[in-house]
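Here's the letter readout for the chains.
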Amino acid sequence: MPRVLVLFAHPAFEKSRVNRRLVGAIADLDGVTVHDLYEAYPDFRIDVAAEQARLVDHDAIVLQHPFYWYSAPALLKEYLDLVLEHGFAYGSQGHALDGKVLMNATTTGGAEVAYQVGGRNRFTMRQLLAPFDQTAFLCRMTYLAPFVVHGALRLDGHGELDAAERQYRALLVALRDGTLDLGRATEGSRINDLVEDA
Ligand SMILES: Cc1cc2nc3c(=O)[nH]c(=O)nc-3n(C[C@H](O)[C@H](O)[C@H](O)COP(=O)(O)O)c2cc1C
């Protein structure tokens, strides 16, 4: 069974509404490891060897985070800077991540309509997430379309958040069970609609 690692990065979890619900919806899944980076490394002193071993141990890596300044919170960037070393993740001797899957699962304050060419944020989510896409490419990983929950501040507490929870859980189950069509999952603006809203 493919093993899924969720690298969760939220610098203010106590204030989180949406990521709290999403992470709560998947925490009990067998074959899914949730690793809370801000809890593990409040001082940003990342244990590189331990993190590399954790990556090797899993087949699919999900970067779950609120969208901050059109990217991820700082500790996730620090993680990538330190853990994806030359000779480990990339380079002629760096094959540890070959063939694994990488995906962002993110929540935005902005509405979906704002993330369009010509819209308020001028770029699509796929365009803004290009550094992650290219990082995966350099590490010979398969980068999937992101799971995105837009308009996080306006989502109503019941129907919409419940639906996002169900979709995220169904997605991680499909990743874990290998039932996701990886060809289709790499395309499109969001992966959300590829899974049944169970
Ligand atoms: C420092 C900071 C930067 C943010 N940058 C963006 C941004 O670039 N685009 C956006 O749509 N929302 C942005 N937001 C809003 C967050 O994405 C939103 O509050 C979050 O996704 C809600 O999830 P949560 O309830 O788990 O905290 C930002 C919020 C903060 C605090």
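Here goes a summary of the coordinates provided. Note that the structure is a prediction, hence the values are computed from the model and not measured. (Residues numbered from 1 in each chain as written. Predicted model: local features only at pLDDT ≥ 70, side-chain atom pairs only at ≥ 80, totals over all residues. Heavy atoms only, no water.)

1. Details of the nonpolar core
Side chains of nonpolar character tend, in soluble globular proteins, to be buried together. Counting residues in each nonpolar core, the largest one holds 33 residues, and the members touching the most others are Leu-7, Leu-37, Leu-55, Ile-61, Tyr-79 and Leu-97. Of all the secondary structure elements, the ones that give two or more residues to this core are strand 1 (4–8), helix 2 (37–40), strand 3 (60–66), helix 4 (74–83), helix 5 (125–128) and helix 6 (130–138). Of all the elements, helix 4 adds the most residues to this core, at five residues. Those residues in contact with Leu-37 that sit more than four places away from it in its chain are Leu-7, Phe-8, Ala-9, Leu-75, Leu-76 and Tyr-79. (Core = buried A, V, L, I, M, F, W, Y, C linked by side-chain atoms within 4.5 Å. Buried < 20%, exposed > 50% of the residue type's maximum accessible area, 1.4 Å probe, protein only. Helix = DSSP H or I, 4+ residues; strand = E, 2+ residues; numbered from the N terminus. Contact = heavy atoms within 4.5 Å.)

2. Observations regarding the pattern of salt bridges
The full count for this structure, using the stated rule, is 11 salt bridges. With a closest N to O distance of 2.5 Å, Arg-21 and Asp-162 form a salt bridge. Residue Arg-21 is located in helix 1 (residues 18–26), and its partner Asp-162 is located in helix 7 (residues 159–177); the two are separated by 141 residues in the primary sequence. Arg-45 is paired through a salt bridge with Asp-43; the nearest N and O atoms lie 4.0 Å apart. You can call Arg-45 exposed: its relative accessible area is 66%. (Salt bridge = Lys/Arg side-chain N within 4 Å of Asp/Glu carboxyl O.)

Honestly, that's just the spatial picture; any functional story needs more than this.
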